[in-house]
Number of protein chains: 2
Amino acid sequence: MLDWSLLRSFLAVVDAGSLSVAAERLGSTQPTVGRHIRELEQALGFPLFRRQPRGLEPTPAALPLIDDARRMGDAAEALARKVAGQDERLTGPVRITASRMVALHLLPPVIAALRHDQPDIAIEIDATDVTQNLLRRDADIALRMVDPTQNQLVRRKITDIPLGIYAARSYIARRGAPAKLDDLLHHDVIGFDRQEDLIRGFAAMGHTVTRDWFPLRSDDHPLLWELLRAGAGIGFAQVPIADRDPEVLRLLPEVALPKMPLWLVMHEDLRHNRRIRHVADHLASGLLGRLG
Amino acid sequence: MLDWSLLRSFLAVVDAGSLSVAAERLGSTQPTVGRHIRELEQALGFPLFRRQPRGLEPTPAALPLIDDARRMGDAAEALARKVAGQDERLTGPVRITASRMVALHLLPPVIAALRHDQPDIAIEIDATDVTQNLLRRDADIALRMVDPTQNQLVRRKITDIPLGIYAARSYIARRGAPAKLDDLLHHDVIGFDRQEDLIRGFAAMGHTVTRDWFPLRSDDHPLLWELLRAGAGIGFAQVPIADRDPEVLRLLPEVALPKMPLWLVMHEDLRHNRRIRHVADHLASGLLGRLG
DNA sequence: GGTGTCCTATACGAATATGCATAGATACTA
DNA sequence: TAGTATCTATGCATATTCGTATAGGACACC
């Protein structure tokens, strides 16, 4: 008969790769997790990990056990989600994940209004451009630009956000405004570095664009935007965001650019949770109000 | 983040129906399990059980959580089986379950020889006529008279044990021996009470037999055998067992009776475990030697 | 109606696990 | 080659959990 807490530590160490990181994720400490692993190894009679300078690596004997431990973990997460879904109170935390651009430029007023309406609902915002795992409940609600494919997730399309070509007034004063799309070749265009979704979007709209188009490249969207506002070049931005900024002007509005869908995603187990549902409804209507 | 040990206690209480029984199965104590349940209820924010005089009954809110907890339990058991299957030492316990008749009259010399050969292998024998669950590892090896249908179980047929009609010498001296099958109607025949498999066996061999045939009935096989030996009546017994006993004589050997298959069953995860494999091989050959 | 048996809840001392602080060891870097 | 940033292992005081013993309540049986 094995202690399930030890198996939980085992799985955490497998996933984390080290005692320290596993302890942090578990809300425990490194000595405790280390003792758990040692205790489990004593109970099983063989070592589970090779202690290495960079962390712990599972031994071959431990590999077949990982599947079962993960099934335990998945079931525990499913249980936790069902518990959260049963919570009918309009009190407690709701965790939202959104891209940094959405979080910085769209969410604040919507969240402020929500805080005013429901002061008992605490809001946690995870502003990151990497997709979080809603199945593991990294967040309750996700605002995403890509259509989620995982089943068990329910999605609601808020709107399609149009993109536009913008430049700061200072840049236009210095370099002038392009009269047609091809003129951009003679301008400093700010664009993405490794993320190629915008380039693919251009291709879909009939414009052939390569990475060399952009003499100023970064994948940090807020940084790109500030570069644009500072007059570093011509760039692309979401129309509802950029049009609010008096520093920048829209260029070539007749050019058709791809639109970015904005999805609101949550786990189906949480759909009927009153608190999370309320936040989701507020986000959807609030964002649509600002984007519409 | 929930403590997995609490979930284990939750599942145990669901299955046991009471804190006391759950604690016994967990190898813990009733106060500890009770505290676990209370702690879990506090963490979840709603009650999981209704405390009743006869035990604890899950609340409606707890019902959907049972599935996930059971999935955790199944995964934990699978993990434990894999661990046991990896144990290559010829040291440690092996748990055998067998019918009481087999355990009493066939196993002892076989086990004695095994103990002599491998003194480091400890043998636990569960002599019971109810089928144990090998998936939950109630036993490592089962000796059964019925063909197991659960998949994940591997089975080996040791032999078909022939049945014969027997009576004690004292009974024959008093009542005489029957000359043909129909004479049994005028004898005291010892037979089964509620277990009808023998009756169905007779029917399959062309003999019409009803429960009223047996004026002396019980479902306790060892007791039936001792009644037979004491001269209480004519009965049926496994030929290899009964022929060893000088107190009894075989009657009507020409009558065809159903044969009882003897299966050796174990979980496939344990098939490659050296220790259990060794015991299984010894049991199979030893039993075949005595039954051959 | 008494009695025995099952159950859960609680008190308290003891065993146990935890967290902090720190030491030791290894790889990467300048 | 020294410095730095990881990581794991250990000592120790403390906080937590656990088990024993016991009380109290409901039910079945005689």
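All values reported here derive from a predicted model rather than from experimental measurement.

Cut-offs and rules
Residues numbered from 1 in each chain as written. Chains lettered and ligands numbered in written order. Predicted model: local features only at pLDDT ≥ 70, side-chain atom pairs only at ≥ 80, totals over all residues. Heavy atoms only, no water. Least-squares fit on C-alpha atoms with pLDDT ≥ 70 in both. Contact = heavy atoms within 4.5 Å. Phe/Tyr/Trp six-rings, centres within 6.5 Å; stacked < 30°, edge-to-face > 60°. Helix = DSSP H or I, 4+ residues; strand = E, 2+ residues; numbered from the N terminus. Domains from an automatic or database assignment. Buried area = accessible area lost by both parts, 1.4 Å probe. Nonpolar A, V, L, I, M, F, W, Y, C, P; charged D, E, K, R; others polar. Buried < 20%, exposed > 50% of the residue type's maximum accessible area, 1.4 Å probe, protein only. Polar contact = N/O pair within 3.5 Å; in protein donor to acceptor, adjacent residues only side chain to side chain.

**Side note on the relation of the copies chain B and chain A**
- Each copy superposes on the other: chain B lies on chain A with an RMSD of 0.3 Å after a rotation of 179° and an axial shift of 0.3 Å. Put plainly, the chains are arranged around a two-fold axis. Using C-alpha coordinates, one finds that chain B approaches the rotation axis most closely at Met 72 of chain B, a distance of 2.0 Å.
- Both copies share a contact surface, since 100% of the interface residues of chain B are interface residues in chain A too.

**Thoughts on the packing of aromatic side chains**
Residues and elements named next belong to chain B.
- Applying the stated rule across the entire model yields 2 aromatic pairs over all chains.
- Plain terms: the ring middles of Phe 10 and Phe 49 are 5.7 Å apart, the flat faces sit at 50° to each other, and that makes the pair tilted. Placement of Phe 10 in helix 1 (residues 4-16) and of Phe 49 in strand 1 (residues 49-52) is noted, with a sequence separation of 39 residues between them.

**Concerning the domain arrangement of chain A**
Residue and element names in this part refer to chain A.
- When the domains of chain A are assigned, the result is domain 1 (4-86), domain 2 (92-159 + 261-291) and domain 3 (160-257).
- Taking the mean C-alpha position of each, domain 2 and domain 3 sit 27 Å from one another.
- The partner domain 3 presents 10 residues to the 12 residues of domain 2 that form the contact.
- For the pair domain 2 and domain 3, the summed buried area comes to about 1,200 Å², and 60% of that belongs to carbon and sulfur atoms.
- Per-element accounting of the side of domain 2 that touches domain 3 gives the leading share, 4 residues, to helix 5 (residues 100-105).
- A breakdown of the residues in the side of domain 2 that touches domain 3 according to their chemical character gives 7 nonpolar, 2 polar and 3 charged.

**What to know about the side chain of Asp 87 of chain A**
All names here are of chain A.
- Checked against the element boundaries, Asp 87 lands in the loop between helix 4 (63-86) and strand 3 (92-98).
- Note on Asp 87: relative accessible area 17%, which makes it buried.
- Of the polar contacts made by the side chain of Asp 87, one reaches the side chain of Arg 89; its length is 3.0 Å.

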